[in-house]
Amino acid sequence: MKGLAQELGIVSPPAAVTEPDAEPHLRAADDTRYDPTPVEQKWAALWESDLTRYAPEPPTCGKPKYYVVEMLPYPSGALHMGHVRNYAIGDALARYMWMSGHNVLHPMGWDSFGLPAENAAIKHKRQPREWTLNNIAAMKAQMKRLGFSYDWSREIATCLPEYYRWNQWFFLKLFEKGLAYRKKSKVNWCPDCATVLANEQVVDGCCWRHEGTPVEQRELEQWSLRITNYSEELLQGLDKMEGWPERVRTMQRNWIGRSEGANVDFKLDGGTETKITVFTTRIDTIFGATSLQLAPQHPLVAELVGNDPAKLASLEQMLADQKKAREEGDIGSVDKKGFFTGHCAINPFNQERVPIWVANYILMDYGTGAIMSVPAHDERDFEFANKYGIEVRIVILPRRQQEPPEAGQPEQPVLPFVAEDSLLINSGPFNGMACEEAQKKMADFAEQNGFGKATITYRLKDWGISRQRYWGTPIPILYCEKCGLVPVPEDQLPVLLPENVEITLAGGSPLTRVKEFYEVACPRCGGTARRDSDTMDTFVDSSWYFYRYTSPINTAPFDSDIANYWFPMDQYIGGVEHAILHLMYSRFWTKFMRDIGLVKNDEPAQRLFTQGMVIKNGAKMSKSLGNVVSPDDMVARYGADATRLYTLFAAPPDRDLDWQDQGVEGVYRFLSRLYRFITENSVKMAAGEPREYDVAALAPGARNVLRKLHQTIQRITGDFQGRWHFNTSVAAMMELLNACMVKAELFAADSAAPKAFRAEVQRKMVLLLSPFAPYLAAELWTVLGEDANALLRHPWPIADPLLAKEDEVEIVVQFNGKLRQRLTVAHDAEDEAVRVTALNDEKVKEALAGKQIVKVIVVKNKLVNIVIKG
RNA sequence: GCCGGGAUGGCGAAAUCGGCAGACGCAGCGGACUUAAAAUCCGCAGACCAGAAAUGGUUGUGGGGGUUCAAGUCCCCCUCCCGGCACCA
């Protein structure tokens, strides 16, 4: 299969990864250190020529499948260290899985639509397509140089028609099922992007891409996807997703923001049938409602306010304040303001008249945009009521205060009093009920009498996907003068994005200016129609790309049978910044695909891993801070292996990593030592040569090295199967090498140690190294006379617990928990024997003189603690 | 305010089950090799006190309390840092 760039006919040759001459001091004439560049380039070239090297086997191979994906990058032009870290983690895991007998799928692709390409087009006068494809070529070259084990034959780029036509296909399916709909509404508009943003893309009132650019509210008609149809399932699913970090699950729960309550209709006083529906989570306090509060944008406000100039002015002011607060990002701290409309409504529970107010703290886009205000039992209502002198009526009391211990009035609770572990008072027929019971009974009562019902409200909103930009997937919809809205027939997909379009950030969607695209004949009536000129949010692209990897075919988004073999992903790896956006959208997409029969899984990924950021000098790497470390520079100086290994060694993968240039050097020194250790003492075994040897006959020094080897296998295998703390895996390899170097004579040419023993140590060291530093591993495997091409699927070494076990252990003797003496005893020695040994030790006896022993605690292989008095 | 995650030498960190705190590495110091340097190799190294030294003692995992023979680890309270949500009715 051809490579992607080839297939496309890349406009200019891929930018070579430049490897400037390394620092002179690293390459002195008699420098004995490992020079990674020629070695790594040799293997990179060999691996490049073998396109099926990292291809999975067919599902019938009988091996357990393992599907690991790292989040695909945006092709900005160059990899940064965060990418390297992300991919080094995934690559180590993929290689370990191959070696432990799995059928591994490990693909890579490009999230290649998006605004930066348009900005580059404006700034450098280059076409987004050309710019993007060149970036892909450059970054792919970097990835190959880094030695990642991707099956490039499955590479996808979301900006290509082969891919985005399926976005369009999905859109039509969503439209067919009523899950894609058009609505005119207030939307978030970023003036710098010159386009609309989804709610998820607004951070503190500003654009997620342009910190400090406040998002404006504009009234626009655009396409939305009904992700809210899945609110409940998206929420419920989180409980079962134990392979996902709690942090991400919590963030998604917060984002979905489910709250249980009830809608209640208040009729307008004055005989009309007009109703105001409020949403409340505390219907049990409805007898304490002393006003209704409407959001300034509430549709009824205009009618209630009429043309009273004072009220109109207040309303205007309120809207302006809200806008300002939103732009400053401190909505919560704004002073509560409001005014009485002059109208009242009727509380359906007690037929009381309650005044209707408009208040700036009521949000139109949550619940119904109207609330019943219960000042006694809600903090915000309390504050508002005090300011405007609205009645405060207590309708619940803490249980213990229901029957005062002494005569007299029950003690007043401190207001506002919100505890749900309370009982109702002043609530007519509901008096004496517990809050929880009342909530149910009152909602039922409302429903039976037709003025309300139990309701669940979510904070999650539908996903607005229209973008007024060029570089994205065209929305496959036409607007015909006669037929109205017409979906593009499926067999006419893809709707190709036109090329050579003039890009500006002004004047709405660039596509409206491309006549041959914009103006078309209606497929139904042949009359004049125009295309939807918006493109899709790029989060559509990334919502399903990992399915496409499994079978990039041209008759469907992917082959369902093959997808069902690989899905769910066993492991998904990426940055936590996608916790809500991408990870919520792709869960939604999976559920939709399941519902139309494309896949069987409910969730895309069994396990999710979110790696920490790479920072330097305590701050995120950025050009403006001048603290960016270029992977190319590191690769040129220390090699790909050392660069990757350092990203794993410097910190546990889930924590932020503070980059230190000298740290890479340390890891590089380790690789050099290992290189020298094996090349200078290499033990090659012939094909039929026996690999067995008598362990019991090994000299103590050799036995210690063998023990350390098996302990190292245990530790590294444990890290892969457990917490992924590869920093300790690397440390363990360093310890093993140190142990070998200390006993260098064991491996010298004239060594008395069995050849098979020496070979075993060297071979297993290389096997352990290979998931982390594949180039050096391949080189050393060859040095040992083995076939480096077979290394990828060579069985992972298995630790022998008997060989790993210590014969003797050092235990400590404590007096009341304080260390007093160290003793060496046999491993697993009987507690009683250890106790006797400890108590008979000269130093211990001396220290015990005149003291009374209260108790002696023996912990096997650890310590003896003597509890003394006096 | 609510939720989640953190705080361990000069620095990155380790200690996976309550049992020797500081593995491994960086930086540092001392030594070997070298005309010299680089590279490499060997050794020292939490802090404080005593000692010429070997060594001995005290103290020490953000702060305070508790449980325990024993706490970086478990419980309660507090401080600070990072992330998410936040006038969500």
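Above this text is the structure in question.
For clarity, every value in this text was computed on a predicted model and none was experimentally measured. Every chain is numbered on its own, with residues counted from 1 as its sequence reads. Starting at A for chains and at 1 for ligands, labels are handed out in the order in which the entities are written. Restriction of local features to residues with pLDDT of at least 70 applies here, the model being predicted, together with a cutoff of 80 or more for giving and counting side-chain atom pairs; totals for whole chains, interfaces and linings are based on all residues. Side-chain measures were taken over the full set of non-hydrogen atoms in the model, leaving aside hydrogen atoms and water.

S.K.: Quick rundown of the overall build of chain A? Include the residues and the values.
M.R.: Per the convention used, a helix needs a DSSP run of H or I reaching at least four residues, while a strand needs a run of E reaching at least two, with both numbered from the N terminus. When you go through chain A residue by residue, the secondary structure sums to 26 helices and 34 strands. A total of 870 residues make up chain A; the buried ones form 54% of that total. Here, two residues are considered to be in contact whenever any of their heavy atoms come within 4.5 Å of each other. A separation of at least 24 residues holds for 72% of the contacts in chain A among residues at least 6 apart in sequence. Carbon and sulfur atoms make up 50% of the accessible area of chain A, which amounts to about 38400 Å² in all. In summary, the charge assignment counts Lys and Arg as positive and Asp and Glu as negative, without counting His or the chain termini. Positions of charges follow a simple convention, taking NZ of Lys, CZ of Arg, CG of Asp or CD of Glu. Each charge class in chain A can be summarised by its mean position, and for the 100 positive and 112 negative side chains these summaries are 1 Å apart. Throughout this description, buried means an accessible area under 20% of the type-specific maximum (1.4 Å probe, protein chains only), exposed means over 50%, and partly exposed covers the range between. Using a 1.4 Å probe, accessible areas were evaluated by the Shrake-Rupley method; residue-level cover was limited to the displayed protein chains.

S.K.: Please set out the side chain of arginine 644 residue by residue, giving values where relevant.
M.R.: With respect to the secondary-structure elements, arginine 644 resides in helix 18 (residues 631-649). A distance of 3.3 Å separates a polar side-chain atom of arginine 644 from the backbone oxygen of glycine 147. Aside from chain neighbours lying at most four places away, what touches arginine 644 is Val84, Ala88, Asp91, Arg95, Leu146, Gly147, Phe148, Pro771, Phe772 and Pro774. Nitrogen and oxygen atoms within 3.5 Å of one another constitute a polar contact, given that in protein one can donate a hydrogen and the other can accept it, and given that sequence-neighbouring residues count only through two side-chain atoms.

S.K.: Account for the sheet that holds strand 1 (residues 65-70), with residues named and values stated.
M.R.: In spatial order, the strands read 2-1-26-27; together these four strands make up an open sheet with parallel pairing. One side of each edge strand has no neighbouring strand; the edge strands of this open sheet are strand 2 (103-105) and strand 27 (608-611). The sheet shows a mean angle of 20° between the axes of neighbouring strands, direction not considered. Note: two strands are recorded as paired if DSSP finds a minimum of 2 bridges between them. Here strand 1 runs beside strand 2; their pairing, made up of three bridges, is parallel. Residue pairing in the sheet places lysine 65 in a bridge with asparagine 103 of strand 2. Axis definition: a line fit to C-alpha positions, over the contact stretch in the case of helices; interaxial angles, taken between N-to-C directions, run 0 to 180 degrees.

S.K.: Please provide a residue-by-residue account of the packing of aromatic side chains, values included.
M.R.: Pairing of aromatic rings covers Phe, Tyr and Trp, the last counted by its six-membered ring, and requires centre-to-centre distances within 6.5 Å; plane angles under 30 degrees mean stacked, over 60 mean edge-to-face, and any other angle means tilted. Counting across every chain of the model gives 61 aromatic pairs. Both rings, one in phenylalanine 720 and one in phenylalanine 772, keep their centres 5.5 Å apart while their planes meet at 20°; by these two values the pair is stacked. Of the two residues, phenylalanine 720 sits in helix 20 (residues 700-721) while phenylalanine 772 sits in the loop between helix 22 (755-769) and helix 23 (774-783), which places them 52 residues apart along the sequence. Here phenylalanine 720 matches phenylalanine 772 in class, with each residue buried. By the ring-pair criterion, three or more aromatic residues cluster together here, those being Tyr163, Trp166, Trp169, Phe170, Tyr230, Trp463, Phe539, Trp544, Tyr585, Phe588 and Trp589. It is arginine 165 that lies over the ring of tryptophan 166; its NZ or CZ is 4.6 Å from the centre. Any Lys NZ or Arg CZ found within 6 Å of a ring centre and within 35 degrees of that ring's normal is scored as a charge over the ring.

S.K.: Mind laying out the protein's contact with RNA strand B, listing which residues take part and the relevant values?
M.R.: Working definition: residue near molecule or strand if any one of its non-hydrogen atoms lies within 4 Å of it. Surrounding RNA strand B, one finds 58 residues, the nearest of these being Thr281, Lys336, Arg380, Arg459 and Arg822. The sugar-phosphate portion of RNA strand B accounts for 64% of its atoms within 4 Å of the protein, the bases making up the rest. Here asparagine 865 contributes a side-chain N or O atom positioned 2.6 Å from a base oxygen of RNA strand B. When residues of the surface near RNA strand B are traced back to their parent elements, those giving at least two are helix 8 (246-256), strand 11 (275-280), helix 19 (661-681), helix 21 (726-742), strand 31 (808-815), strand 32 (818-826), strand 33 (852-859) and strand 34 (863-869). Here the element with the most residues in the surface near RNA strand B is helix 21; it accounts for six residues. Amino acids outside the nonpolar list (Ala, Val, Leu, Ile, Met, Phe, Trp, Tyr, Cys, Pro) and the charged list (Asp, Glu, Lys, Arg) are all regarded as polar, and Gly is one of them. A class-by-class count of the residues in the surface near RNA strand B yields 20 nonpolar, 16 polar and 22 charged.

S.K.: Can you explain the nonpolar core? Please cite residues and give values.
M.R.: Where a protein is soluble and globular, its nonpolar side chains tend to be buried together. Within this scheme, the nonpolar core is defined by two criteria: the residues are buried Ala, Val, Leu, Ile, Met, Phe, Trp, Tyr or Cys, and they are joined through side-chain atoms within 4.5 Å. If you look at the biggest cluster of nonpolar residues, it comprises 195 residues, and the most contacted ones within it are Trp463, Tyr545, Phe546, Tyr572, Trp589, Trp659 and Phe757. The element contributing the most residues to this core is helix 3 (residues 81-99), with twelve residues. The contact partners of phenylalanine 546, leaving out residues within four places of it in the chain, are Tyr67, Val69, Phe567, Met569, Tyr572, His582, Ser586 and Pro604. Leu300, Ile356, Val374 and Phe451 belong to the second largest nonpolar core, which has 39 residues in total.

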